[in-house]
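Residues per chain, in single letters:
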Amino acid sequence: MNRQAQAVIMLLFGGAILKASIGDLYLRYVKEALQPFLIASALLLIAAGVMTLWYDLRPSRAEVHDHDHGDGHAHHEPRVGWLLILPVLGLLLVAPPALGAYAAGQSGTALAGRQAESDYPPLPEGDPVEITMLDYASRAVFDEGRSLTDRRLLLTGFVTQGPDGQPMLARMILSCCAADGRPIKVGLSGNVPANVPSDTWIEVTGAYTAQTAKDPVNEATVPYLEVETWQEIPAPKQQYE
């Protein structure tokens, strides 16, 4: 692969990253906060590709190139370099779904590695009050639900099958990117969604319950929510917490 081919691949790679970063596609790979860094890296790749082409295609450069290789012998570059175009094609042609019910079923709940905490601040005003899956699970397990009692709660997640065959609510959380995604799982009691396929996104309104279970994957505690009402919703733009 010669210098010009390398520059073209840098341009394609930078353009693919920029295209994914400006839209919503990047949210399937990394956290939302990393968008500025992705855009900056894409612009650097594009600038590097443009500068490489400009340097290599200058007339003076072409003359030196012809002089250096005027010995009549062919000069072959390693062809393995063309494999670099595969990630470009992947970004341009393949749009994988966000991690969902299958990934949640293969991993234990992320609460397993957290230490007990106390003195959770009061929940904000609202009825019901919208709360993240991680916040609910943490308060329910580590604070024994003290900051959740007497409040109606609204949680959003996707349906996944629990070990007993009953539906659970889950959502993936990321430390950095999809490669380190872990699920937060909440069991459902009361008005449990019936005949809802896995990976269906739902909003659930309910109240704290002391009921818990053990995640069979890592034996971590899974809290429950007493469901009052629920409804199907479209998958949100930001599917990870």
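Preceding block: the structure.
So, here's what we can say about the structure.

Criteria and thresholds
- Along every chain, residues carry numbers that run from 1 in the direction the sequence is written.
- Reporting in this predicted model follows two pLDDT cut-offs: at least 70 for local features of residues, and 80 or more for side-chain atom pairs to be given and counted; totals over whole chains, interfaces and linings ignore these cut-offs and use all residues.
- The side-chain values count all of the structure's non-hydrogen atoms but skip hydrogen atoms and water molecules.
- Under the DSSP-based scheme used, a helix requires at least four consecutive residues in state H or I and a strand at least two consecutive residues in state E, with every element numbered from the N terminus.
- In this analysis, two residues are considered to be in contact whenever any of their non-hydrogen atoms come within 4.5 Å of each other.
- Calculation of accessible area relied on Shrake-Rupley with a 1.4 Å probe; when residues are assessed, cover is drawn exclusively from the protein chains displayed.
- A fitted line through C-alpha atoms represents every axis, and for helices the fit uses only the stretch in contact; the resulting angles, taken between N-to-C directions, go from 0 to 180 degrees.
- For classification, angles of less than 35 degrees are called roughly parallel, those exceeding 145 degrees roughly antiparallel, those between 65 and 115 degrees roughly perpendicular, and all remaining angles oblique.
- Should the near helix be turned counterclockwise from the far one by less than a right angle, the crossing is left-handed, whereas a clockwise turn marks it as right-handed.
- Gly is placed with the polar residues, together with every amino acid not listed as nonpolar (Ala, Val, Leu, Ile, Met, Phe, Trp, Tyr, Cys and Pro) or charged (Asp, Glu, Lys and Arg).
- Working definition of a nonpolar core: buried Ala, Val, Leu, Ile, Met, Phe, Trp, Tyr and Cys residues. They are joined through side-chain atoms within 4.5 Å.
- Between buried and exposed lies partly exposed: a residue is buried under 20% and exposed over 50% of the maximum accessible area for its type, with that area taken using a 1.4 Å probe on protein chains only.
- Note on definitions: salt bridges are taken to be side-chain nitrogens of Lys or Arg within 4 Å of carboxyl oxygens of Asp or Glu.
- Only strands joined by at least two bridges in the DSSP assignment are considered to pair.
- By the criterion used throughout, a crossover qualifies as right-handed when its path from the first strand across the helix to the second strand runs clockwise, the strands pointing away from the viewer.

Some thoughts on the overall build of the chain
Line of reasoning, step 1. Looking only at helices and strands, one finds 6 helices and 6 strands in the chain.
Line of reasoning, step 2. When the helices and strands of the chain are listed from N to C terminus, the series reads α-α-α-α-α-β-α-β-β-β-β-β.
Line of reasoning, step 3. Of the contacts formed within the chain by residues at least 6 apart in sequence, a portion of 72% connects residues at least 24 apart.
Line of reasoning, step 4. When the accessible surface of the chain is split by element, carbon and sulfur atoms take 57% of a total near 13700 Å².

Comments concerning the packing of helix α1 (residues 3-22) against helix α2 (residues 35-57)
Line of reasoning, step 1. Following both chains from N to C, one finds α1 and α2 inclined at 155°, their axes separated by 8 Å at the closest point. With respect to each other, α1 and α2 are oriented roughly antiparallel. Read as a crossing pair, α1 and α2 show a hand that is left-handed.
Line of reasoning, step 2. Its residues assigned to classes, the contact of α1 with α2 shows 17 nonpolar, 8 polar and 2 charged.

Some points on the nonpolar core
Line of reasoning, step 1. Ranked by internal contacts, the top residues of the largest apolar core, which has 21 residues, are I131, Y136, L148, L153, L155, L169 and L225.
Line of reasoning, step 2. At the level of elements, α6 (133-142), β2 (153-161), β3 (167-173), β4 (182-190), β5 (201-214) and β6 (221-232) are the ones that each hand at least two residues to this core.
Line of reasoning, step 3. The dominant element in this core, judged by the number of residues it contributes, is α6, at 4 residues.
Line of reasoning, step 4. Formed by 9 residues, the second largest nonpolar core is a distinct cluster that contains A103, A104, L174 and W201.

Some words on the pattern of salt bridges
Line of reasoning, step 1. Overall, the coordinates contain 6 salt bridges when judged by the stated rule.
Line of reasoning, step 2. Across the pair D127 and R152 runs a salt bridge whose closest N-O atoms are separated by 3.3 Å. One end of the pair, D127, is in the loop between α5 (101-106) and β1 (129-130); the other, R152, is in the loop between α6 and β2, with 25 residues separating them in the sequence.
Line of reasoning, step 3. A residue is classified by how much of its surface remains accessible, and D127, at 58% relative accessible area, is exposed.
Line of reasoning, step 4. The partly exposed category is assigned to R152, whose relative accessible area is 30%.
Line of reasoning, step 5. R146 is the salt-bridge partner of E144, the closest N and O atoms lying 3.3 Å from each other.
Line of reasoning, step 6. On the basis of relative accessibility, which here comes to 54%, the residue E144 falls in the exposed class.
Line of reasoning, step 7. One salt-bridge network, in which partners are shared between bridges, spans D127, R152 and E228.

Here we look at α6
Line of reasoning, step 1. The buried count for α6 comes to 7 of 10 residues, which makes it a mostly enclosed element.
Line of reasoning, step 2. Where α6 is concerned, the buried positions are M133, Y136, A137, S138, R139, A140 and F142.
Line of reasoning, step 3. In this structure, the buried residues of α6 make contact with β2, β3, β4, β5 and β6.
Line of reasoning, step 4. Phi for E144, located one or two positions after α6, is positive at around 55°.

Structural notes on the pairing of β6
Line of reasoning, step 1. Of the strand pairs in this sheet, β4 and β6 are connected by 4 bridges, and their pairing is parallel. Pairing of L188 across the sheet is with L225, part of β6.
Line of reasoning, step 2. When β5 meets β6, the two strands line up antiparallel, connected through 11 bridges. Among the inter-strand pairings, V204 is bridged to a residue of β6, identified as W230.

Observations regarding the pairing of β2
Line of reasoning, step 1. Counted residue by residue, β2 has 8 buried out of 9 residues, so it is predominantly covered.
Line of reasoning, step 2. Here 2 bridges tie β1 to β2, and the two strands are oriented parallel to one another. Bridge assignment links E130 to a residue of β2, and that residue is L154.
Line of reasoning, step 3. Viewed along the sheet, the connection from β1 through α6 into β2 turns out right-handed.
Line of reasoning, step 4. With 6 bridges connecting them, β2 and β5 associate as antiparallel partners. Residue pairing across strands places G157 opposite I202, the latter belonging to β5.
Line of reasoning, step 5. Where β2 and β3 come together, 4 bridges link them in antiparallel fashion. Considered in β3, the bridge of Q161 is made with P167.
Line of reasoning, step 6. Connecting the antiparallel pair β2 and β3 is a turn made up of 5 residues, with G165 showing a positive phi of about 85°.

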